[in-house]
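So the chains spell out like this:
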Amino acid sequence: MASQHNGSAFATHDHGADERLADVTESKTKKVSRKGSTSSTSSSSSSSMVDPLSSVLDGTDPLSMFAATADPAAPDSSRKRRDRDENSIVGSDFEPWASKRGEILARYTTTEKLSINLFMGSEKGKATATSAMSEKVRTRLEELDDFEEGSQKELLNLTQQDYVNRIEELNQSLKDAWASDQKVKALKIVIQCSKLLSDTSVIQFYPSKFVLITDILDTFGKLVYERIFSMCVDNRSVLPDHFSPENVNDTAKETCLNWFFKIASIRELIPRFYVEASILKCNKFLSKTGISECLPRLTCMIRGIGDPLVSVYARAYLCRVGMEVAPHLKESLNKNFFDFLLTFKQIHGDTVQNQLVVQGVELPSYLPLYSPAMDWIFQCISYHAPEALLTEMMERCKKLGNNALLLNSVMSAFRAEFIATRSMDFIGMIKECDESGFPKHLLFRSLGLNLALADPPEGDRLQILNEAWKVITKLKNPQDYINCAEVWVEYTCKHFTKREVNTVLADVIKHMTPDRAFEDSYPQLQSIIKKVIAHFHDFSVLFSVEKFLPFLDMFQKESVRVEVCKCIMEVFIKHQQEPTKDPVILNALLHVCKTMHDSVNALTLEDEKRMLAYLINGFIKMVSFGRDFEQQLSFYVEARSMFCNLEPVLVQLIHSVNRLAMETRKVMKGNHSRKTAAFVRACVAYCFITIPSLVGIFTRLNLYLHSGQVALANQCLSQADAFFKAAISLIPEVPKTINIDGKMRPSESFLLEFLCNFFSTLLIVPDHPEHGVLFLVRELLNVIQDYTWEDNSDDKIRIYTCVLHLLSAMSQETYLYHIDKVDSNDSLYGGDTKFLAENNKLCETVMAQILEHLKTLAKDEALKRQSSLGLSFFNSILAHGDLRNNRLNQLSVNLWHLAQRHGCADTRTMVKTLEYIKKRSKHPDMGHLSELALRLPLQTRT
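Everything quoted here is computed from the prediction, not taken from an experiment. Sequence positions are assigned chain by chain, starting from 1 and proceeding in written order. pLDDT decides what is reported in this predicted model: residues at 70 or higher carry local features, side-chain atom pairs at 80 or more are listed and counted, and totals for whole chains, interfaces and linings draw on all residues regardless. The basis for every side-chain value is the complete set of non-hydrogen atoms in the structure, without hydrogens or water.

> How would you summarise the overall build of the protein chain if you had to cite specific residues and measurements?
We count a stretch as a helix when DSSP gives it H or I for four or more residues in a row; a strand needs E for two or more, and each element gets its number in order from the N terminus. A tally of helices and strands in the protein chain yields 44 helices and six strands. Taken across its 942 residues, the protein chain has 52% of its residues classed as buried. Throughout, a residue-residue contact means that at least one pair of heavy atoms, one from each residue, lies within 4.5 Å. Pairs at least 24 residues apart make up 74% of the contacts formed inside the protein chain by residues separated by at least 6 positions. Using a 1.4 Å probe, accessible areas were evaluated by the Shrake-Rupley method; residue-level cover was limited to the displayed protein chains. Of the roughly 45100 Å² that the protein chain leaves accessible, carbon and sulfur atoms contribute 51%. Each residue is placed in one exposure class: buried if its accessible area under a 1.4 Å probe, protein chains only, is under 20% of its type's maximum, exposed if it is over 50%, and partly exposed if it falls in between.

> Now, about the side chain of T801: what can you tell me, with residues and values included?
Secondary-structure assignment places T801 in helix α38 (residues 795-810). Classification of T801 as buried rests on a relative accessible area of 9%. At a separation of 2.8 Å, a polar atom in the side chain of T801 contacts the main-chain carbonyl oxygen of I797. Not counting residues within four places of it along the chain, the set of residues in contact with T801 comprises I850 and S876. Whenever two N or O atoms come within 3.5 Å, that pair is a polar contact, provided that in protein one can donate a hydrogen and the other can accept it, and provided that, for residues adjacent in sequence, both atoms are side-chain atoms.

> Let's hear about the nonpolar core: which residues, and what values?
Nonpolar cores are built from buried Ala, Val, Leu, Ile, Met, Phe, Trp, Tyr and Cys residues. Side-chain atoms within 4.5 Å join them into one set. Formed by 307 residues in total, the largest nonpolar core has its most connected members in Y366, F378, W488, V508, F548 and F619. Ranked by residues supplied to this core, first place goes to helix α8 (residues 206-231) with 13 residues. If sequence neighbours within four positions are ignored, Y366 has contacts with I203, P308, L309, I347, V352, L356 and V361.

> Can you break down helix α18 (residues 404-413) residue by residue, with the values?
Of all 10 residues in α18, nine are buried; the element is thus mostly enclosed. Every buried residue of α18 is accounted for by A404, L405, L406, L407, N408, S409, V410, M411 and A413. Buried positions along α18 lie against α13 (330-343), α16 (371-382), α17 (387-399), α19 (416-421), α20 (423-432) and α21 (440-453).

> Any details on the pattern of salt bridges? Residues and values, ideally.
Any carboxyl oxygen of Asp or Glu that lies within 4 Å of a side-chain nitrogen of Lys or Arg is treated as forming a salt bridge with it. Per the counting criterion, the structure on display carries 27 salt bridges. With a closest N to O distance of 2.3 Å, D181 and K183 form a salt bridge. With a shortest N-O distance of 3.3 Å, K566 and E563 are connected by a salt bridge. On the criterion of helical spacing, the pair formed by K566 and E563 is a turn pair, its members being three residues apart in helix α28 (residues 558-575). Assessed through its relative accessible area of 36%, E563 is described here as partly exposed.

> Explain the pairing of strand β6 (residues 743-746) residue by residue, including any values.
Here the rule is simple: two strands pair whenever DSSP picks up at least two bridges between them. Relative to β6, strand β5 (residues 737-740) is paired through four bridges, and the arrangement is antiparallel. Counterpart to I738 in the pairing with β6 is R745. Hairpin geometry of β5 and β6 is characterised by an intervening segment of two residues between the two adjacent antiparallel strands and by a positive phi of about 50° at D741.

> With reference to specific residues and values, describe the side chain of N714.
Relative to the helices and strands, N714 resides in the loop between α34 (697-713) and α35 (717-730). The buried category is assigned to N714, whose relative accessible area is 3%. One polar contact links N714 to H672, side chain to side chain, over a distance of 2.8 Å. Look past the residues within four positions of N714 in its chain and what remains in contact with it is A661, M662, R665, H672 and V680.

> Run through unusual backbone geometry, naming residues and quoting values.
Residues other than glycine seldom take positive phi values, yet D181 does so here, at roughly 65°. By the secondary structure assignment, D181 is in the loop between α6 (160-179) and α7 (183-195). On the basis of relative accessible area, D181 is assigned to the partly exposed category, the value being 29%. Its identity is not glycine, yet R516 carries a phi of approximately 50°, on the positive side. Structurally, R516 can be placed in the loop between α24 (498-512) and α25 (522-535). Accessibility expressed as a relative area gives 38% for R516, which makes it partly exposed.

> How would you sum up the packing of helix α31 (residues 629-642) against helix α32 (residues 647-668)? Please name residues and give values.
Whenever a helix is involved, its axis is fitted only over the stretch in contact; in every case the axis is a line through C-alpha atoms, and angles between N-to-C directions fall within 0 to 180 degrees. Where α31 contacts α32, the two axes come as close as 10 Å, and the packing angle between them is 170°. Between α31 and α32, the angle is such that the two are roughly antiparallel. Each of F629, Q632, L633, Y636, A639 and R640 in α31 lies in contact with α32, whose residues at this interface are L650, L653, S656, V657, L660, E663, T664 and V667. Our angle categories are set so that under 35 degrees counts as roughly parallel, over 145 as roughly antiparallel, 65 to 115 as roughly perpendicular, and the remainder as oblique.

> Explain the environment of Q939 to me, and be specific about the residues and the numbers.
As for its position among the elements, Q939 is in the segment after α44 (928-934). The exposure class of Q939 is partly exposed, given its relative accessible area of 38%. In this structure the C-alpha to C-alpha distance between Q939 and R901, which are 38 residues apart in sequence, comes to 8.5 Å. Sequence-distant contacts of Q939, defined by excluding residues within four places in its chain, comprise Q900, R901 and G903.

> Explain the environment of L888 to me, using residue names and the numbers behind them.
By secondary structure assignment, the location of L888 is in helix α42 (residues 886-900). For L888, a relative accessible area of 18% corresponds to the buried category. Residues L888 and I877, 11 residues apart in the sequence, show an inter-C-alpha distance of 7.9 Å. With sequence-adjacent residues up to four places away left out, L888 is seen in contact with M847, I877, G881, D882 and L883.

> How would you sum up the confidence of the model for the protein chain? Please name residues and give values.
Looking at the protein chain, the pLDDT average stands at 82 and 85% of residues meet or exceed 70. Ranking the elements of the protein chain by mean pLDDT puts strand β1 (residues 8-11) last with 32 and α32 first with 96. Think of pLDDT as the predictor's per-residue confidence, scored from 0 to 100. Segment residues 1-88: pLDDT under 50, and 132 contacts once partners within four positions in sequence are set aside and those in other chains are kept. Considering only residues more than four positions removed or in separate chains, one finds that residues 121-133, a stretch of pLDDT under 50, has 13 contacts.

> Account for the packing of aromatic side chains, naming residues and giving values.
Centres within 6.5 Å are what make two rings of Phe, Tyr or Trp a pair, Trp counting through its six-membered ring; a difference in plane orientation under 30 degrees is then read as stacked, over 60 as edge-to-face, and the rest as tilted. Summed over the entire model, instances satisfying the criterion amount to 41 aromatic pairs. Ring geometry for W178 against F220: centres 6.3 Å apart, planes inclined by 90°, an arrangement best described as edge-to-face. Residue W178 is found in helix α6, and its partner F220 is found in helix α8; the two are separated by 42 residues along the sequence. Residue classification places W178 among the buried positions, given a relative accessible area of 11%. Both rings, one in F378 and one in F414, keep their centres 6.3 Å apart while their planes meet at 40°; by these two values the pair is tilted. Residue F378 is found in helix α16, and its partner F414 is found in the loop between α18 and α19; the two are separated by 36 residues along the sequence. We note that F378, like F414, is buried.

> How would you summarise the packing of helix α22 (residues 461-472) against helix α23 (residues 478-495) if you had to cite specific residues and measurements?
Where α22 meets α23, the closest approach of the two axes is 11 Å, and the angle between their N-to-C directions is 165°. Regarding the angle of α22 to α23, the classification is roughly antiparallel. Where α22 crosses over α23, the two elements pack in a sense that is left-handed. For the pair α22 and α23, the contacting residues are R461, I464, L465, A468, W469 and I472 in the first and Y481, C484, A485, W488, Y491, T492 and H495 in the second. Under the convention adopted here, Pro, Cys and the residues Ala, Val, Leu, Ile, Met, Phe, Trp and Tyr are nonpolar, Asp, Glu, Lys and Arg are charged, and Gly plus all remaining residues are polar. A class-by-class count of the residues in the contact of α22 with α23 yields 10 nonpolar, two polar and one charged. Here is the rule for handedness: rotate from the far helix to the near one, and if that takes an anticlockwise turn smaller than a right angle the crossing is left-handed, while a clockwise turn gives right-handed.

> Hey, could you go over the environment of G881 for me, with residue numbers and the actual values?
Relative to the elements of secondary structure, G881 occurs in the loop between α41 (863-880) and α42. With a relative accessible area of 30%, G881 lands in the partly exposed category. Between the C-alpha atom of G881 and that of H805, which follows or precedes it by 76 residues, the distance is 9.0 Å. In this structure, G881 is in contact with S876 and L888, ignoring residues within four places of it in sequence.

> Quick one: what's the story with α16, residue by residue and with numbers?
Taking 1.5 Å of rise per residue, the 12 residues of α16 would be expected to cover 16 Å, and the 16 Å separating its terminal C-alpha atoms lies within 8% of that figure. The buried count for α16 comes to 12 of 12 residues, which makes it a mostly enclosed element. Here α16 has its buried residues at S371, P372, A373, M374, D375, W376, I377, F378, Q379, C380, I381 and S382. Its buried side turned inward, α16 meets α4 (98-107), α8, α12 (308-325), α13, α17 and α18. Downstream of α16 by a residue or two, H384 has a phi angle that is positive, lying close to 55°. The span you would expect from a helix comes to 1.5 Å times its residue count less one.

Dropping the structure here:
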């Protein structure tokens, strides 16, 4: 390339212009005299001995001037926008190289020792400030020559990880050298790394080596491009996103040319090819046709690489760079592909065979090394290619002998629809392939992957399956077998019935059971299960597949088995629309849920427990035996014994049994027969036995209350009393703080809420004939009195206020609400004076407790609480008390004054309260409120 430009010269400057790399520039037409000599001797010396390299340098060339100034970087926003625009040429349907990188590194590994040549930096390349310009140029050239002639250190006996670490160090060294403006050193590193791609001494590692080295090349290409782009930016203008060479200034063009000239002077073919390909994009700065002219030339350069493996990866890299910078130039890429086909026979030549013998590598292990490169080449060529081109490519591959490797790449890269419509043609080609080099089962696997994405002609589907399975079932190696079977299971599920799926599953079990081969193939077996359940949403059909459950038995590692069970339950919950009582489904899913449940131990995370409980509860909710309530209860009994370690499941079972009892009541319209009465008592007993096994105290309290309400609704009075007594006896155990979502919270607000609900239920609970009047209320009051409440808490008084509301409701002739077929105390006592007297005594006791507490709040810091509680108590008396009673009337007046005594009252609330009293006083039988209103003054604000 350098020969195309006559009169070239090497240049440098004083301010770290390593970038010129002993720059090759076009010679100037006018001679410039050397400036800045330090002595007459040096002047005469320079005049008598003309140095053709230094004669053009005056120290003020445009490149030196630019390097001496600050290096402006391209604005981030424009750079990102530019990258986005260039990447948008290739659509999202094109699988990028980055997605293949990890798979290649994981697949192509070695245990053999590797070697690497490391560049050893030379001190003699550092010129002092007083060095003459020509000496610096000479030094720069010597550095590069030293490098090419062996200024490097060979590291031997490296493990694969050591090798990877060394490559990463080189990548970092490249970035560091570039950042410190040591462009010569950066180029040396890239050349050195590129040379490694000619080494195939450890051939199994070559694809991974290619990935690692091309990462460095990509970094270098990006650094060079961004550097030159930044040279086009100044304070006056910014290079547009879609620029043309006319927009690029001369300084940037000259620097760009210098890079290409230096790379052209690299002696060895492979590093010269790779380094130039890495900066292919920089041709945009020089010429509109630069890239289109370079691609064919680089393609021809690859013809000089003798090793077919090295050659094919070079072609892959060229395709990679070509798709990134000029995806529209498909003709050059096509030429690259057809060039490759012409040299394909080299793979089976004597040279390669001899190399494999030396390294002790078999042909079936060698040929897959080509796959990443060939797959990428085929993908680039076939991207948005017309059918005619794809057909031509397929025909060309068909004509070549030993073409299994080509065929595999065709099926990996071509559009799935193209492959699927020609499935029988491909099967014919697979049959004709030589088995020795590239195994046929890999070809059938590639075909299966396409058929999972696109449907073949309907008439060919069964024949395709038969042809494929004939080959797959004969495989002796379990790993080869399962890798193929996994792919074809999806095709079978997609196009056939449970009979064919059952046959496939049976065959998998037959191959994977001997010698416990399934233990090494759990990921593939999991994939098979997921594919089967993804296509069989009707679980009655799924579980009627005879070999499905035996297939599950192969998952003997607990963590894997649990994951599979979770997948099954997620699909069931998502797709099961109607409740089921199918015994096949129930037995199978009970087994699946039991497997999940039994995996729970002391180390299981709470999130995992919640997930398992959610899945099991989803199953329980979908089980319904219709009107066969006894069978439903039997199922819940069995489920309780199976899932006793997951509290949310037990809670769900209790709710389900309570709902079952209420459904029985609904069916009987509240009039239980002897049989249904016994059944609901059984349901109540189920709940009473199960609740104590729960850990959460408020869960137990609320379930006791809920179950007691259900028992009461079903006329099970003694059972209801037992639930309520159990709840009362549990209250003293309520801790001061409880764990809510991993955080400790005070429990009093939760207890207050529970007790308010409890009081509402106690209104309709009839007294037991043997336990005296209001025995449950008395027991509850004793517990509340003895409970240790928080200091500075008024919740106890709020509870007592709620008790007053309850006692007020109990003193009415007819209660506010009832339960059908249950006689409450208003019916039992019928307004009996003894009952009312007992009620009044309880009221006085509770009111005394409230007033005592109000007295304790007469301290300065508690006056606001006293005012608030006093007004609240006043409102309770106003709403629930008989203010015609003189004592109660006087108490209300005293509370009103107490609320205002220390100026802490909420004046607005008191004004509205007084207005309400005056309004109510106008109603019939409410005249006494007028007198009360006159005794309730409002405190004036000062």
